[in-house]
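Coordinate analysis (summary)
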Amino acid sequence: MAELISFVVPNQSDKVLLVWELSAGPPAEALSHSLFTVFSQFGLLYSVRVFPNAAVARPGFYAIIKFYSSRDAQRAQKACDGKPLFQTSPVKIRLGTRHKALRHQAFALNSSRCQELANYYFGFNGWSKRIVKLQELSGLEDAALAVPLQKRNPQFFCAVEVVLPSYECRSPGVGISEEPQHQLEEANTEPSSASVRNPSVWLDTGQSSFLTKRKTAQKLAFQAALSDAFQKLSILVLESGKIAVEYRPTEEDLDAGSEEELQNLIQDTGMCGCVHMSGDALRSQHQIH
C-alpha cells in the first residue's frame, strides 16, 4: 500500500513511537544520541525527545520518537521492541495511541525541515529552489513619511519556486515577513554617550542596525515562501520503494483569475508538468521513479 508524506509536522499516532524502560545510567543527552543512531536506520526522524520517569516510578527515562513515515515507524517498532539495543536490559516500544476521533491539526514544516525531507527522498541533486521575486514593501512609505532609519520596520514580499526536474514539476510559493518586534525595540534604544559627542557614530550605528534588520526580514520572507512552496507537494512512497510526487495548488493559486496573472507571479516559469487545470477541475498525475 502506498504512503503519502506531506511537508507537515508528523503528529499522527502511527508515526510516533513511545520507548520506555530506558536505564537511568546515561544522561538524557547521551540517550537521545543513542536512540537517534538506532532508529534513524529505519527512516528519517523528525525528533527524538527523552524525559525522566515520573517521581512515583523507578529511576529511568522514556522517549518519544517521531518519524515522517508511518511505515518506517512500524518497522522500527517490530524490529526493536523487547531488544536491549544499546543497554543491558530490553526496552519496550509501542506505537502512539490517540482517540481515533481526534483531529490532528497540521502544522507546516519550517523551511529547514522541508529541505531536509526533500533531500532524503529526492536526493540533494534531485530538486532545486530559486527566488523569483524579492520586493521591499515598506521602504517607499517610510521614506515618504521621513521615518528615521532606526525606527523603520522592514517588510518584504518573496516569491520562490521549487523545481523537481525528474518529475517535471514546479511548485511556486510566496511569503511576507516583518522584523520581529523585540528586534525593533532593541533598534530604538537611546544613543550612547559616545554618539552624543559624535553624531556620526549614532548615524553609522543606526544605519548598520537597519541593514541588519533588513537582511533578517529578507531571510524570513524567503523562508516563509519556501515553506509555502513545499506545502503544495506531497511524496508518494510505493511499496516497491519508488517515489512519486503529488502537486496540489492552493485555492489562491486556482483563483488567480487567469494564466497571465499567475505567470506574473512566477515570471513565466510554467506550472507543474504533472498538474492539469481546467476551470475548477484539478487532476494530478503521479510520475514514478
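Everything below is about the structure printed above this text.
Here is what the cut-offs are and how they apply
Residues numbered from 1 in each chain as written. Predicted model: local features only at pLDDT ≥ 70, side-chain atom pairs only at ≥ 80, totals over all residues. Heavy atoms only, no water. Salt bridge = Lys/Arg side-chain N within 4 Å of Asp/Glu carboxyl O. Helix = DSSP H or I, 4+ residues; strand = E, 2+ residues; numbered from the N terminus. Pairing = 2+ DSSP bridges. Axes fitted to C-alpha atoms, helices over the stretch in contact; angles between N-to-C directions. Contact = heavy atoms within 4.5 Å.

Attention now moves to the pattern of salt bridges. One side chain can pair with another of opposite charge once the charged atoms of both are near each other. For the structure shown, the criterion picks out nine salt bridges. Between Arg113 and Glu116 there is a salt bridge, with the nearest N and O atoms lying 3.8 Å from each other. Taken together, the positions of Arg113 and Glu116, both in helix H3 (residues 111-122) and three residues apart, correspond to about one turn of that helix. Between Glu136 and Arg214 there is a salt bridge, with its nearest N and O atoms 3.1 Å apart. Of this pair, Glu136 sits in strand E6 (residues 128-136) while Arg214 is found in helix H7 (residues 199-231), placing the two residues 78 residues apart along the sequence.

A few words on the sheet that holds strand E4 (residues 61-67). Pairing is antiparallel across the open sheet formed by four strands, whose spatial order is E3-E4-E2-E5. The open sheet has two free edges, formed respectively by strand E3 (45-52) and strand E5 (92-95), since each of these has just one partner strand. Strand-to-strand, the axes of this sheet are offset by a mean angle of 15°, without reference to chain direction. Note that strand E2 (residues 16-22) and E5 share four bridges and pair antiparallel. In the strand pairing of E5, Trp20 is matched with Lys92. Together, E2, E3, E4 and E5 form the strand contacts of helix H1 (residues 28-39), whose direction differs from that of E3 by roughly 145°. Packed onto the sheet, helix H2 (residues 70-80) meets E2, E4 and E5 and runs at close to 155° relative to E5.

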